[in-house]
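Coordinate inspection notes
The residues making up each chain are set out below.
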Amino acid sequence: MTGYALRVELEPTGLDADLNELEKAMQQSARRFACNVMRPLGQQLDQMTPAQVIAADSPLWQMFEEFAGLGLNLADLQALPAADRARLMSLVFEELGHGDGGLAVVLGAAMIPGIVLDLVDRQDLMQRYIDRPLGCWGITEPDHGSDMLDSSGHVRHPGVGHGRLNCNAKIQGERIVINGQKSAWVSNGPIAQTCILFCGFDDGSGRDQRCVVLVPLDSAGVSRGAPLDKMGQRALPQGELYFDNVSLPLDHLVAGPEDYARVEQGVLAEANALMGVIWTGVARAAYELAYTYAHQRKQGGVPIIVHQNVRYRLFHMFTRVEASRALARRAVLFNQLAPRPALQGSIAAKITATQTAFDVASQAIQLFGGNGVTREYPVEKLLRDARASMIEDGCNEMLAIKGGTLISRI
């Protein structure tokens, strides 16, 4: 057909033009792992009950063993120059998201305690628990979901406080003692070895104060709820954490009230930016599935790619993925290099990528037609997974209000 000689074949990640040899090698390794391990595993776990997903004989545990073989541990990543670390994290986590969004969140959430400990320069605790790499972020509460990401009060109604938190810690002599619970949405909660716990700080004054504590989850007084049964991201174990007079050495207090806001903003900036690259990968998976199907499926006597409207829709899906990738990578790089992370940039990346993943997956289902809503084809799972992403790590509406406040002079 006229003009086809001018077509340029792009790599799966589109307009990448400046990757060095190390980045290409790590990207290819992550891509093989995502395609050969994560995607089939995610589809298998999607059909299992939450209890089966975390059982001792679950295939989930195989993923951790194989991921360790990639050499992508947090300590090695943190040893890289900031710009190199940002580029590599973006490349790798897009590939992991392309494999399976829920499992990519499993791997990302596992790193959150280490990210926080690095942020507050607590290498002593990192080394003490280096043999427990499977972490979780204990922040969301039954009565305080997105509130827990808003200690600054950007989102709350003027003049109204959040009320007493569901989980609180107080110092007793040389120990810090924790009581309360975190909600069922703690990613990796049912399986994690350590928890970086964001909770209230009770010094007897009655003031709304918060702190961050590293909690080994085999500590006396820690218990867990049943894993949550969800519509999407069923490969991601989520569940409550309960704390009944959990007593830890005082050095496990990694951030007190005076440093809480900085740590909250720092980890949210990291987590939201990481969500940006993960869900860009999910959007890319939906686009690629639709692209392939459009060349195979025939209607009107020809493959549907021949129809103009199909090409039109595919092009807009391609555009959305490229725009999401560009913003997510830009946010990750800026925040790794800046003296202080710009949370509004990470929020923009998270909202854009998660909405893009949902919209592109929905378009993919439309191109698949009736086949798209059946479990015989993978696109309906992508839609279910993406729907959950617009709520986790702060629902998009709350984050947009917070981001809007951060860019305002009020």
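Read on for an overview of the structure. (Residues numbered from 1 in each chain as written. Predicted model: local features only at pLDDT ≥ 70, side-chain atom pairs only at ≥ 80, totals over all residues. Heavy atoms only, no water.)

A short note on the pairing of strand S5 (residues 210-216)
Formally: Any residue under 20% of the maximum accessible area for its type is buried, any over 50% is exposed, and the rest in between are partly exposed; the area is computed with a 1.4 Å probe on protein chains only. Numbering of helices and strands starts at the N terminus; helices are DSSP runs of H or I of at least 4 residues and strands are runs of E of at least 2. Two strands form a pair only when DSSP identifies at least two bridges running between them.
Across the seven residues that make up S5, a large majority, seven, are buried. With seven bridges joining them, strand S4 (residues 194-201) and S5 adopt antiparallel strand pairing. Opposite Leu 197, over in S5, you have Val 213 as the bridge partner. Of the pairings in the sheet, the one linking S5 to strand S8 (residues 253-255) comprises two bridges and is antiparallel in character. Counterpart to Val 213 in the pairing with S8 is Leu 253.

Digging into the nonpolar core
Operational definition: Residues enter a nonpolar core if they are buried and are Ala, Val, Leu, Ile, Met, Phe, Trp, Tyr or Cys, with the set joined through side-chain atoms within 4.5 Å. Note on contacts: a residue pair qualifies if any of its non-hydrogen atoms lie within 4.5 Å across the two residues.
Counting 99 residues, the largest nonpolar core has Met 63, Trp 137 and Phe 198 as the members making the most contacts within it. The biggest single contributor to this core is helix H9 (residues 257-296), with 20 residues. For Trp 137, the contacting residues outside a window of four places in its chain are Ile 112, Leu 149, Val 186, Ser 187, Ile 196, Phe 198, Val 267, Leu 268, Ala 271 and Asp 393. Grouped together as the second largest cluster of nonpolar side chains are 21 residues, Ile 176, Ile 178, Cys 211 and Val 213 included.

Regarding the packing of aromatic side chains
To keep it simple, the criterion reads: Pairs were defined over the aromatic rings of Phe, Tyr and Trp, the Trp ring being its six-membered one, requiring ring centres within 6.5 Å. Orientation was assigned from the angle between planes: stacked under 30 degrees, edge-to-face over 60, tilted for the rest. Throughout this description, the term charge over a ring refers to an Arg CZ or Lys NZ atom that lies within 6 Å of the ring centre and within 35 degrees of the ring normal.
Tallying each qualifying case throughout the model produces 10 aromatic pairs. On the numbers, 5.9 Å between centres and 65° between planes, the contact of Trp 137 with Phe 198 is edge-to-face. Of the two residues, Trp 137 sits in strand S1 (residues 135-138) while Phe 198 sits in strand S4, which places them 61 residues apart along the sequence. Residue Trp 137 is classed as buried on the basis of its relative accessible area, which comes to 9%. The exposure class assigned to Phe 198 is buried, which follows from its relative accessible area of 0%. Residues Tyr 287 and Phe 318 carry aromatic rings whose centres are separated by 6.2 Å and whose planes lie at 50° to one another, so their mutual orientation is tilted. Pair noted here: Tyr 287 is in helix H9 and Phe 318 is in helix H10 (residues 308-337), with a separation of 31 residues, a long-range link. We classify Tyr 287 as buried; its relative accessible area is 17%. Three or more aromatic residues joined by ring pairs form one cluster here, namely Tyr 287, Tyr 291, Phe 315 and Phe 318. Its guanidinium or amino end placed over the ring of Phe 358, Arg 387 lies 5.9 Å from that ring's centre, counting from NZ or CZ.

Geometric descriptors of this kind do not, in isolation, establish any biological role.
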